[in-house]
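# Structural characterization, general
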Amino acid sequence: MNYRTILISIILYSSIFSLYQCTRYGVVGESSQIRVHPDGLQISAKLGVAVLFSTPKNTLATYEGLLETVKTAQKNLKASSWSKRNHLEWIRTSLDSTGYDYSQDYREGEKKNLIEIQVRSQHLGDPKISFLFLMTLGIFPSSVDYKIDVSSVFYDHLGERQSLDAKNSLSIRATKSLLFALPFMGKGDAKASIQRLFQKQIIESYKEMKERDLSHNEFKNSTEPLDIPVRLKINYFACDSSYSKSYGTAIQDTFIFDSEKYLLCHTQVNFRTHTMKTISLHTKDFYLITKNQKIPSIQKITADYTARDTDGQGVFNRRGVTRDLSRSLTLKPDASEFGSFLEIRFLVPREEVYSIDSIHWEDKEQSDNPSDVWIGWGEGDGPQK
């Protein structure tokens, strides 16, 4: 067998291999770890429920699948007789499971007589080495563990925000394997367990509200859709005390900034158009919003430049080079969102990193309404220094 035949065989097998792969979600441990009494809640006046999904702090290959699982569980609970019996009205904060943020309409609207559930996911690591997945051609599964944390705040009849102590969590295992591979690693139905997780969170939140005499009136949904021309999606978000960017294998820029005072936060944002107009996006129109500041994106920064010969022997260094980080993108009305992204960077004061709220796009010449994507890091829940 010659090399060409081997190469064709590998390509053919890889194509077939990818068709028979699947990712399944189960619970780490018994699915009954989240126990809920079906009559553990009795609400007479209608109560609003909103769910916000925060953005993971790093690139998670299977995050969108996890997000779809969580949102399906929420949708099932919303349609359940339990929600109807307890007069819960669920507020739409997301339209799909692809990661695009539609919660801005809710976040900028009036909030009264409702519980807001905040969902955070954390990547726990790989219990099974992916090397074995490759070596066994997918017969040995590759799995990744996540922890889903939920917390709540309550907006009373005056619109005052009240933090609640109720918190719950669940560990989920995403297992990638062939359809006919080894048994699923992770027990129970993940959707059913996540549904019980939301249910328990609502029960405990309402119990705390009654204990603290936090009263509510009949909920009335006043959320109106905003005329936002473009919606945002974050592929990753990270903050580092040092940062280098490579151009191939032989060229590298090491960005220079005062790491004692700042962290360099970097992200990749995708876009989906919601207008029949052509939209021009530029990195200069993006800001990072914290509790205390509106931080503009970096357009230029100084870097140390390093280049190596192809044989790896010679090295060329140049210090203090000015790099233009500005980028632009044009979105046509019929353009697909796939491939429509910008890489954006911010210099964030260290004391502000723990209060990052959202990434914000604003261009008054193209839209009266800015667009933003919620990151959802609360105080003390930011990235590691």
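Residues numbered from 1 in each chain as written. Predicted model: local features only at pLDDT ≥ 70, side-chain atom pairs only at ≥ 80, totals over all residues. Heavy atoms only, no water.

Scanning the protein chain for helices and strands turns up six helices and 19 strands. Here the protein chain, with 385 residues, has 46% of them falling under the buried criterion. In the protein chain, the share of contacts with a sequence separation of at least 24, taken over all contacts with a separation of at least 6, comes to 78%. Accessible surface computed for the protein chain: about 20,100 Å², of which carbon and sulfur atoms make up 50%. (Helix = DSSP H or I, 4+ residues; strand = E, 2+ residues; numbered from the N terminus. Buried < 20%, exposed > 50% of the residue type's maximum accessible area, 1.4 Å probe, protein only. Contact = heavy atoms within 4.5 Å. Areas by Shrake-Rupley, 256 points an atom, 1.4 Å probe, with all protein chains shown as cover.)

Counted by the stated rule, this structure contains one disulfide. A disulfide bridge connects C239 with C265, and the sulfur atoms are separated by 2.0 Å. Taking the sign of the S-S torsion, 105° for the link of C239 and C265, the bridge is right-handed. One end of the pair, C239, is in strand β7 (residues 230–240); the other, C265, is in strand β10 (residues 262–273), and 26 residues separate them in sequence. Look at C265 and you get buried, because its relative accessible area is 0%. (Disulfide = S-S within 2.5 Å.)

What follows deals with the confidence of the model for the protein chain. Counting all residues, the mean pLDDT for the protein chain is 80, and 74% of those residues have values of 70 or more. Per-element mean pLDDT across the protein chain ranges from 43 in helix α1 (residues 3–19) up to 96 in strand β13 (residues 294–296). Confidence drops under a pLDDT of 50 for residues 378–385, and excluding neighbours within four residues, the segment shows 21 contacts in the predicted structure. (pLDDT = per-residue confidence, 0-100.)

To continue, consider the nonpolar core. Ranked by internal contacts, the top residues of the largest apolar core, which has 37 residues, are I117, I172, F198 and I202. Secondary-structure elements contributing two or more residues to this core are β1 (21–27), β2 (47–53), α2 (63–78), β3 (88–91), β4 (114–125), β5 (142–155), β6 (161–178) and α6 (190–211). For this core, the element with the highest residue contribution is α6, accounting for eight residues. With residues up to four places along the chain from it excluded, the contact list for I117 reads V49, A50, V51, L52, V150, S151, S152, F198, Q201 and I202. (Core = buried A, V, L, I, M, F, W, Y, C linked by side-chain atoms within 4.5 Å.)

Glancing now at the pairing of strand β14 (residues 300–308). Looking along a regular strand, one sees side chains alternate from face to face of the sheet. Pairing analysis gives five bridges linking strand β9 (residues 251–255) to β14, with the strands arranged antiparallel. Looking at β14, one finds that T254 is bridged to D304. Sheet topology places β14 next to strand β15 (residues 315–324); eight bridges connect them, and they run antiparallel. When the sheet's bridge partners are listed, T306 is paired in β15 with N317. (Pairing = 2+ DSSP bridges.)

A sheet is described by the order of its strands in space; here four strands give the open sequence β8-β9-β14-β15, paired in antiparallel fashion. The sheet is open, and its two borders are formed by β8 (244–247) and β15, each paired with just one other strand. Across the sheet, the mean angle from the axis of one strand to that of its neighbour is 25°, orientation sign disregarded. (Axes fitted to C-alpha atoms, helices over the stretch in contact; angles between N-to-C directions.)

We now examine the side chain of S152. One can find S152 in strand β5. Under the relative-accessibility criterion, S152 is labelled buried at 4%. A distance of 2.9 Å separates the side chain of S152 from the side chain of S205, its partner in a polar contact. Those residues in contact with S152 that lie beyond four places of it in its chain are I115, E116, I117, S163, L164, A166, Q201 and S205. (Polar contact = N/O pair within 3.5 Å; in protein donor to acceptor, adjacent residues only side chain to side chain.)

Moving on, we come to the pattern of salt bridges. Inspection of every chain in the model, using the stated rule, returns 14 salt bridges. Here R173 ties to D145 by a salt bridge, and the two come within 2.7 Å at their closest N and O atoms. Here R173 is found in strand β6, whereas its partner D145 is found in strand β5, with 28 residues between them in sequence. K284 is the partner of D285 in a salt bridge, and the nearest nitrogen-oxygen pair spans 3.2 Å. For D285, a relative accessible area of 10% puts it in the buried group. (Salt bridge = Lys/Arg side-chain N within 4 Å of Asp/Glu carboxyl O.)

The pairing of β8 with β9 spans four bridges and is classified as antiparallel. By the bridge assignment for β9, S244 is matched with T254. Once β8 ends, the chain turns through three residues before running back antiparallel as β9, passing G248 with a positive phi of about 80°.

Even without being a glycine, H87 presents a positive backbone phi close to 60°. Mapped onto the secondary structure, H87 falls in the loop between α3 (81–85) and β3. Its identity is not glycine, yet N113 carries a phi of approximately 60°, on the positive side. Looking at the element boundaries, N113 is found in the loop between α4 (104–107) and β4.

Reading across from one edge, β13-β12-β18-β19 is the order of the four strands in this open sheet, with antiparallel pairing throughout. Unpaired on one side and paired on the other, β13 and β19 (371–374) mark the two borders of the sheet. Pairs of neighbouring strands in the sheet enclose a mean axial angle of 25°, with direction left out of account. Bridge analysis of strand β18 (residues 356–361) against β19 gives four bridges, and the strand direction is antiparallel. Bridge assignment links I359 to a residue of β19, and that residue is V373.

Among the secondary structure elements, R196 is positioned in helix α6. When the C-alpha atoms of R196 and L77 are compared, they prove to be 8.4 Å apart, with 119 residues separating the residues in sequence.

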